[in-house]
Amino acid sequence: MKFSKINGLRGQVVVPGDKSISHRSVMFGSIAKGTTEIHNYLKGADCLSTISCFQKMGISIEQKGDTVLVHGNGLHGLKRPDSVLDCGNSGTTTRLISGILAAQDFDVTLTGDDSIQKRPMKRIIEPLSLMGADIVSVKDNGCAPLKIIGKPLHGIHYTSKVASAQVKSSILLAGLYAKGETRVTEPCLSRNHSEIMLKLFGAEVRTEGSTAILQPARELYGNEIHVPGDISSAAFFICAGLIAPNSEILIKNVGINPTRDGILTVCKAMGADLSIVKEDREKGEPTADILVRTSKLHGTTIDGPLIPALIDELPVIAAMACFAEGKTVIKDAAELKVKESNRLRVMVDGLTAMGAHVIETEDGMIIHGGKPLCGAVIDSRLDHRIAMTFAILGLCAEGETKVLHGECVNISYPEFYEDLRRLS
Ligand code: S3P
């Protein structure tokens, strides 16, 4: 994919459904009783992996345009799959499904692509094992493939070293089947979509500070879910609209759950012309239209509890910081090293190749903004968010930028390039 400098991005965009919420709606719908009707389900490869895993376990799932119907078989209605479950590139599928599988009365093997087979799974193997689960990393390297032999589980109070919604949700899902209460305490609160949706499906779950507390469930009940637009996908247009000259973009129906909206806080701290136009706080997950205009930005510091609220947006935030006057410091973000790629290294290398002044640190980076960028050849490393970040930068840099393996955007945003083209 090739990109060159444009003279502004203007218009409206409706980003696809939230990836985290889409995954959860199919997972919870599959183990609920009755039908779950999901509107605006994300048809990205990751969420299709989740659908296919549950279909392999006997769940009937119909796709009708933008709507997905999940005919759940109840909490104990999954069947042993005939073959290995393939989670593709999806960490959320792998980690959350493990919590469910740990409690079934069958055994199963989970795997995924090269990237998934390198991502850390000890973070779920350890707490699930403490609950009584039998999970083996087949290659004994703490990664997938994972062999999971279902066992009776008991609740625990787990204190997690990382603020990770995937770890928290995996434990909570196992906790649905466990004997006694399950508690997960995180260093700071990670995204709470599981807690919100589990409650909607009838589970008894509450939050005290950064601790999620769940009681075992007798049954979950199917529901109607309206998936909001994904703020992590909106992030590319937010940043593009702020840094590309002569731009004005209205991004419609974006999920602004406070555990996800860190990018809005950062943009405002950097002096962005960003406004929330139409807010809807009626439903479980708040949404809004977001209007951005070209802005004169300045550097900021991004750290602490803000990090989990924008973890997936850090690549494009780092890109935006190259256009801000002064220094932007990103710290407490070591988790970026274990995403679909080592996003810390890949971003520092790519930004440097484009002429930015960036220094990698142990848990983040320091960006000295204001230096004009020039086009370069960037290997996305098959990481969707890296590909989209450098596509945006290619529109703002002098010369031509080539993004290798740009098609990997289909993981979370299959229509990304079309939507981008429509605005330019
Ligand atoms: C996700 C949680 C985050 C995020 C990922 C989706 C989720 O991962 O990076 O894209 O849906 O729970 P961690 O929980 O590992 O931080």
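The paragraphs below set out a description of the structure included in this document. The model shown is predicted, which means the values in this text are computed figures rather than measured ones.

1. Some words on the overall build of the chain
Stage number 1. Counting its secondary structure elements, the chain contains 12 helices and 23 strands.
Stage number 2. By the compact-globule yardstick of 22 Å for 424 residues, the chain fits well, its C-alpha radius of gyration being 21 Å.
Stage number 3. When the backbone C-alpha atoms are referred to their principal axes, the chain occupies close to 60 × 40 × 40 Å.
Stage number 4. Counting all 424 residues of the chain, 61% fall into the buried class.
Stage number 5. Sequence separation of at least 24 residues holds for 75% of the intrachain contacts in the chain that already meet a minimum separation of 6.
Stage number 6. Taken as a whole, the chain presents about 15,600 Å² of accessible surface, with 50% of it coming from carbon and sulfur.
Stage number 7. With 47 positive and 49 negative side-chain charges, the chain shows a separation of 1 Å between the mean positions of the two kinds.

2. Looking at the packing of aromatic side chains
Stage number 1. Summed over all chains, the structure comprises seven aromatic pairs.
Stage number 2. Between the aromatic rings of Y413 and F416, the centroid separation amounts to 5.4 Å while the plane-to-plane angle is 70 degrees, which identifies the pairing as edge-to-face. Take Y413 and F416: they sit in the same class, and that class is buried.
Stage number 3. Here the aromatic residues F3, F236, F237, Y413, F416 and Y417 are joined through ring pairs into a cluster of three or more.

3. Here we look at the pattern of salt bridges
Stage number 1. A full pass over the atoms with the stated rule returns 25 salt bridges.
Stage number 2. Measuring nitrogen to oxygen at the nearest pair gives 3.2 Å for the salt bridge that ties D107 to K147. Placement of the pair is D107 in strand β7 (residues 107-111) and K147 in strand β9 (residues 146-149), with a sequence separation of 40 residues.
Stage number 3. For E181, the salt bridge goes to R183, with nearest N and O atoms at 2.7 Å.

4. As for the environment of A321
Stage number 1. Looking at where A321 falls in the secondary structure, it is placed in helix α9 (residues 314-321).
Stage number 2. Separated by 82 residues in sequence, A321 and C239 place their C-alpha atoms 9.4 Å apart.
Stage number 3. In this structure, A321 is in contact with M270, T328, I367 and G369, ignoring residues within four places of it in sequence.

5. Some details on the site of the ligand
Stage number 1. Near the ligand, the surroundings consist of K19, S20, R24, T92, S164, A165, Q166, R191, I311, D312 and K339.
Stage number 2. One of the side-chain N or O atoms of S20 is found 2.7 Å from an oxygen atom in the ligand.
Stage number 3. One nitrogen or oxygen atom from the side chain of R24 is found 2.7 Å from an oxygen atom belonging to the ligand.
Stage number 4. Protein coverage of the free-state accessible area of the ligand, which is 390 Å², stands at 95%.
Stage number 5. For the shell around the ligand, the secondary-structure elements that each account for two or more residues are α1 (19-30) and α5 (165-177).
Stage number 6. When grouped by side-chain class, the residues that make up the shell around the ligand number two nonpolar, four polar and five charged.

6. Topic: the sheet that holds strand β3 (residues 33-39)
Stage number 1. With mixed pairing, the four strands of this open sheet are ordered in space as β4-β5-β3-β14. Looking at strand neighbours, the two that pair on one side only are β4 (60-64) and β14 (224-226), the edges of this open sheet. Sheet twist, expressed as the mean angle between neighbouring strand axes with direction ignored, is 15 degrees.
Stage number 2. As paired elements, β4 and strand β5 (residues 67-73) share five bridges and run antiparallel to each other. Paired with E62 across the bridge in β5 is L69.

7. What about the pairing of strand β16 (residues 273-280)?
Stage number 1. In this sheet, strand β17 (residues 287-293) lies alongside β16 in antiparallel orientation, the contact comprising seven bridges. Looking across to β17, one finds that E279 is bridged to A288.
Stage number 2. In this structure, the hairpin formed by β16 and β17 is closed by a connection of six residues.

8. Description of the environment of S233
Stage number 1. Here S233 lies in helix α7 (residues 231-243).
Stage number 2. C-alpha of S233 to C-alpha of G34: the two residues are 199 residues apart in sequence and 31 Å apart in space.
Stage number 3. Dropping the residues within four chain positions of it, S233 is found in contact with V15, S412 and Y413.

9. A look at the state of the cysteines
Stage number 1. Evaluation of the coordinates by the stated rule reveals zero disulfides.
Stage number 2. Lacking any disulfide linkage, C47 is separated from the closest cysteine sulfur, that of C53, by 12 Å.
Stage number 3. C396 supplies the cysteine sulfur nearest to C322, a cysteine that is in no disulfide, at a spacing of 11 Å.

10. Focus: the environment of L146
Stage number 1. Position of L146 among the secondary structure elements: in strand β9.
Stage number 2. Excluding residues within four positions of it along the chain, L146 makes contact with S98, V108, T109, L110, M121, I124, I125, I135, V136, S137 and V138.

11. Overview of the nonpolar core
Stage number 1. One finds F237, I238, I251 and F416 to be the most contacted residues of the largest nonpolar core, which totals 78 residues.
Stage number 2. With 10 residues, α7 is the largest single contributor of residues to this core.
Stage number 3. Of all hydrophobic cores here, the second largest spans 65 residues; its members include C47, M57, L110 and L220.

12. Structural notes on unusual backbone geometry
Stage number 1. Cis rather than trans, the peptide bond between A144 and P145 has omega equal to 0 degrees.
Stage number 2. If you trace the backbone, P145 turns up in the loop between β8 (134-137) and β9.
Stage number 3. In this model, N40 sits at a positive phi of 65 degrees, which is unusual for a non-glycine residue.
Stage number 4. Among the secondary structure elements, N40 is positioned in the loop between β3 and α2 (45-56).
Stage number 5. Even without a glycine there, the phi angle at N253 is positive, about 50 degrees.

About the criteria used
- Residues numbered from 1 in each chain as written.
- Predicted model: local features only at pLDDT ≥ 70, side-chain atom pairs only at ≥ 80, totals over all residues.
- Heavy atoms only, no water.
- Helix = DSSP H or I, 4+ residues; strand = E, 2+ residues; numbered from the N terminus.
- Rg over C-alpha atoms; globule rule 2.2 N^0.38 Å.
- Buried < 20%, exposed > 50% of the residue type's maximum accessible area, 1.4 Å probe, protein only.
- Contact = heavy atoms within 4.5 Å.
- Areas by Shrake-Rupley, 256 points an atom, 1.4 Å probe, with all protein chains shown as cover.
- Lys, Arg positive; Asp, Glu negative; His and termini not counted.
- Charge placed at Lys NZ, Arg CZ, Asp CG, Glu CD.
- Phe/Tyr/Trp six-rings, centres within 6.5 Å; stacked < 30°, edge-to-face > 60°.
- Salt bridge = Lys/Arg side-chain N within 4 Å of Asp/Glu carboxyl O.
- Near = heavy atom within 4 Å.
- Polar contact = N/O pair within 3.5 Å; in protein donor to acceptor, adjacent residues only side chain to side chain.
- Nonpolar A, V, L, I, M, F, W, Y, C, P; charged D, E, K, R; others polar.
- Pairing = 2+ DSSP bridges.
- Axes fitted to C-alpha atoms, helices over the stretch in contact; angles between N-to-C directions.
- Disulfide = S-S within 2.5 Å.
- Core = buried A, V, L, I, M, F, W, Y, C linked by side-chain atoms within 4.5 Å.

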